[in-house]
Amino acid sequence: MLRKLLLVLAVAAVTACSSGGGGEELPAGPDLVKKAAEAMRSVKSAAFSIATDGKPNVPVKKADGRLTAQGDADGTITLEVFGSLQEITFALIGDTVHFKGPTGGFQKLTRKELAQLYDPSLILDPTKGIAQLIESGGDPRVEAEEGDAYRVAIGFSEQTLGPLVPGVTEPVNGKVWIDKATSRLTKIELPLQNGTVSVMLSDYDAPVTVTPPPSAG
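Sequence order sets the numbering: in each chain, residues are counted from 1 along the sequence as written. Only residues with pLDDT of at least 70 are given local features in this predicted model, and only at 80 or more are side-chain atom pairs given and counted; all residues enter the totals for whole chains, interfaces and linings. Neither water nor hydrogens contribute to the side-chain values; these are computed over all heavy atoms in the structure.

Enquirer: Quick question: what am I supposed to make of the pairing of strand 2 (residues 60-68) here?
Expert: Along any regular strand the residues' side chains alternate between the sheet's two faces. At least two bridges found by DSSP between two strands is the condition for calling them paired. Strands are runs of DSSP state E lasting at least 2 residues, helices are runs of H or I lasting at least 4, and numbering of each runs from the N terminus. Note that strand 1 (residues 45-54) and strand 2 share 7 bridges and pair antiparallel. Across the sheet, Phe 48 pairs through a bridge with Gly 65, a residue of strand 2. Between strand 1 and strand 2, which pair antiparallel in sequence order, lie 5 residues. As defined by bridge partners, strand 2 adjoins strand 3 (residues 73-81) across 7 bridges and the pair is classed as antiparallel. Counterpart to Val 60 in the pairing with strand 3 is Leu 79. Hairpin connection, strand 2 to strand 3: the antiparallel pair is bridged by 4 residues, and Gly 71 has positive phi, about 105 degrees.

And the structure:
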């Protein structure tokens, strides 16, 4: 009897340590994702960074820049063109794209022409961007707390992911990090064939004014 009582007390102590250690219960995935979508639709501007690990089959290998909710953007994008990497500096203002490759001066494209390669301004688009991406995601599950964010596993369709990450042709089970205080996304991680694509977002609602480069005609 004494041995049984000690066993019961030991089990109770372990249970208390594991469940009563002050950790908060994780929020429900669907509720958290819904709040995140609403928060992203109210964003006025943001800084973005795209990085790849390994050799995922996507043309955009790296990017850094700034975005506004109106669709203006500037920064640099590294594209794989015929097997070689080309870094392009760009400024997207209205329907005009000023861009410059490794050599030569700035040239112009229309926004429609840019969209055939990659249009970073879609990131903050309320109907095609990240807000729509996570709102339409499947089976969101909060996995853990990581610092000031929740890590959420979520499935994405190729239809919603493709405009944001050109080259994606099949569904992807990804992860997103959602800031606890603001419900805005801080990171998206997409495991693809042969590698991973990561999108980082920061500097929300900082003042951003995109202007034509000085040498642009």
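Back to the write-up after that little detour.
Enquirer: I'm lost on the layout of surface pockets in this one. Help?
Expert: Gaps left between atoms are located by rolling a probe of water-molecule size over the structure's atoms. A cavity, in this analysis, means grid points on a 1 Å lattice covering only the protein atoms where a 1.4 Å probe fits yet has no way out; a pocket is instead an open set bounded by protein on both sides within 12 Å along at least five of seven lines, and a residue lines either one if it has an atom within 4 Å of a point. Grid points are joined across faces, edges and corners, and a volume is the space filled by probe spheres set on the points. Put simply, the largest pocket is a space of about 210 Å³. Gly 167, Thr 169, Glu 170, Leu 192 and Gln 193 are, among the 14 residues lining the largest pocket, the residues nearest its centre. Where the lining of the largest pocket is concerned, the elements lending two or more residues are strand 9 (172-179) and strand 10 (185-192). Polarity classes work like this: nonpolar for Ala, Val, Leu, Ile, Met, Phe, Trp, Tyr, Cys and Pro, charged for Asp, Glu, Lys and Arg, and polar for all others, with Gly in that last group. Split into classes, the residues belonging to the lining of the largest pocket amount to 7 nonpolar, 6 polar and 1 charged.

Enquirer: It is not clear to me how the pattern of salt bridges should be interpreted in this structure. Could you clarify?
Expert: Side chains bearing opposite charge may pair, as long as their charged atoms lie close to each other. Should a side-chain nitrogen of Lys or Arg be within 4 Å of a carboxyl oxygen of Asp or Glu, the pair is scored as a salt bridge. By the definition in use, this model includes 11 salt bridges. With a closest N to O distance of 3.3 Å, Glu 80 and Lys 61 form a salt bridge. You can see Glu 80 sitting in strand 3 and its partner Lys 61 sitting in strand 2, a full 19 residues away along the chain. The partly exposed category is assigned to Glu 80, whose relative accessible area is 36%. For Glu 146, the salt bridge goes to Arg 151, with nearest N and O atoms at 2.3 Å. Taken together, the shared-partner salt bridges in this structure form one network comprising Glu 143, Glu 146, Arg 151 and Lys 175. Only protein chains enter the accessibility calculation, which uses a 1.4 Å probe. A residue is then buried if its area is under 20% of the maximum for its type, exposed if over 50%, and partly exposed in between.

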